[in-house]
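Architecture and fold: a report
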Amino acid sequence: MVCNFNLYEYLNEPLMILQGVPCDEDGIAVPEGTPPPPRETDNGAEDWTPYENRPQFEFADYIYTKNQTSSGSIDQLLNIWAATLVGTDLEPPFLDHKDLYRTIDSTPVGDITWESFKLKYNGELPDDDIPAWMEAEHEVWFRDPRLLIHNILANADFNGEIDISPFQEYDADDNHRYQNFMSGNWAWKQAVRVYFCLSSKIIYIHC
Amino acid sequence: MFVPIILGSDKTTVSVATGHTEYWPVYLSIGNVHNNVRRAHRNGLVLLGFLAIPKGI
């Protein structure tokens, strides 16, 4: 979690700093370098659920994601594999392509349920030749955008490639430097309100 | 925390059209992640939903 505004007060030189300071769920800043809390679904590095172990996951990832092997070829490969293990207690990573697909579909981590609602045109209808779409119900499928955004923000892969707050950057010649969305004027204007209180020389920054 | 939401839809990538309705994917990203991350599709751009577009409008 991130606390997004800090108030800095200097008697002689008011200074504005917007900085994303990592904080706990109560909004209290945590010491620099504190690792994020484990995810609720994080059961440790040895947990490959729903896969039995790492090789089984890597096999599925290679066959399905990288090589995009057809279902017939998956069955053929697994049959050959099983034949090499006859007479032992060992088994190939999956029985057949259905077993593989079932396992992939049951992956729980980061999954957000699909939901749907139906809507219907409720404007005026023409007197005749009513288009079919005006009377039909239409289905919209979606996933909870709030949860999707939580997942993006919680993705540790983006560490160092994400801006927690809007910022403005200037070079030595006072040229405004733009890089990425949060360095832009739109983001800055949306999030930052500055109130001057001249008598006490305090600048309030509100996000 | 300020999280700008970026939405986009692009019919050309859809492959689930059925019957009298086309489904247009709607993608979501946030302004906080850097452009190179969003372009690389490393889960920086996610599928939010499908808009039902009746054919023949």
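This one's a predicted model, so the numbers in the text were calculated from it and none came from an experiment. (Residues numbered from 1 in each chain as written. Chains lettered and ligands numbered in written order. Predicted model: local features only at pLDDT ≥ 70, side-chain atom pairs only at ≥ 80, totals over all residues. Heavy atoms only, no water.)

This paragraph deals with the overall build of chain B. What chain B contains, in helices and strands, is 1 helix and 3 strands. Secondary structure of chain B in N-to-C order comes out as β-β-α-β. Taking all 57 residues of chain B together, the buried fraction comes to 40%. Accessible surface computed for chain B: about 3,200 Å², of which carbon and sulfur atoms make up 57%. (Helix = DSSP H or I, 4+ residues; strand = E, 2+ residues; numbered from the N terminus. Buried < 20%, exposed > 50% of the residue type's maximum accessible area, 1.4 Å probe, protein only. Areas by Shrake-Rupley, 256 points an atom, 1.4 Å probe, with all protein chains shown as cover.)

Another aspect to go through is the pattern of salt bridges. All names here are of chain A. Scanning the entire structure with this criterion turns up 3 salt bridges over all chains. Put simply, E58 and R54 hold a salt bridge, and the shortest N to O gap is 2.9 Å. Taken together, the residues E58 and R54, both in helix α1 (residues 54–66) and 4 residues apart, mark about one turn of the helix. Overall, E58 belongs to the partly exposed group, its relative accessible area being 40%. Classification of R54 by relative accessible area gives partly exposed; the value is 47%. Of the charged contacts, one joins R102 and D99 as a salt bridge, the two residues approaching to 3.8 Å between their closest N and O atoms. One end of the pair is R102 and the other is D99, both in helix α3 (residues 97–105) and 3 residues apart, which spans about a single turn. Take R102: its relative accessible area is 54%, and that puts it in the exposed class. For D99, a relative accessible area of 15% corresponds to the buried category. (Salt bridge = Lys/Arg side-chain N within 4 Å of Asp/Glu carboxyl O.)

Together, Y121(A), L125(A) and I130(A) give the surface a local cluster of nonpolar side chains, amounting to about 220 Å² of exposed area. Tracing the backbone through its elements, the reader meets L125(A) in the loop between β3 (114–120) and α4 (132–135). (Patch = residues over 30% accessible without salt bridge, like charges linked within 9 Å, V, L, I, M, F, W, Y side chains within 5 Å.)

This next bit is on the nonpolar core. Membership of the largest hydrophobic core comes to 13 residues, with the highest contact counts inside it found for I152(A), F158(A), L28(B) and V33(B). Among all residues touching V33(B), those that are not within four sequence positions of it are I152(A), F158(A), E161(A), I162(A) and R38(B). Among the nonpolar cores identified, the runner-up in size contains 8 residues, and F59(A), A60(A), I63(A) and I74(A) belong to it. (Core = buried A, V, L, I, M, F, W, Y, C linked by side-chain atoms within 4.5 Å. Contact = heavy atoms within 4.5 Å.)

Mapped onto the secondary structure, G49(B) falls in strand β3 (residues 46–54). Judged by its relative accessible area of 4%, G49(B) falls in the buried class. Each C-alpha atom, one on G49(B) and one on V26(B), is 5.2 Å from the other, the two residues being 23 residues apart in sequence. Dropping the residues within four chain positions of it, G49(B) is found in contact with W114(A), W141(A), F142(A), W24(B), P25(B) and V26(B).

The next point concerns the packing of aromatic side chains. Scanning all chains against the criterion turns up 10 aromatic pairs over all chains. The interplanar angle of 25 degrees and the centroid separation of 5.7 Å between the aromatic rings of W114(A) and F50(B) together place this pair among those described as stacked. A residue pair is termed interchain when its members come from two chains, as with W114(A) in strand β3 and F50(B) in strand β3. A ring pair is formed by F181(A) and W186(A), whose centres lie 5.9 Å apart and whose planes are at 65 degrees; its orientation type is edge-to-face. Judged by relative accessible area, F181(A) falls into the partly exposed class, the value being 29%. Through a chain of ring-to-ring contacts, the aromatic side chains of W48(A), Y51(A) and F57(A) assemble into a single cluster. (Phe/Tyr/Trp six-rings, centres within 6.5 Å; stacked < 30°, edge-to-face > 60°.)

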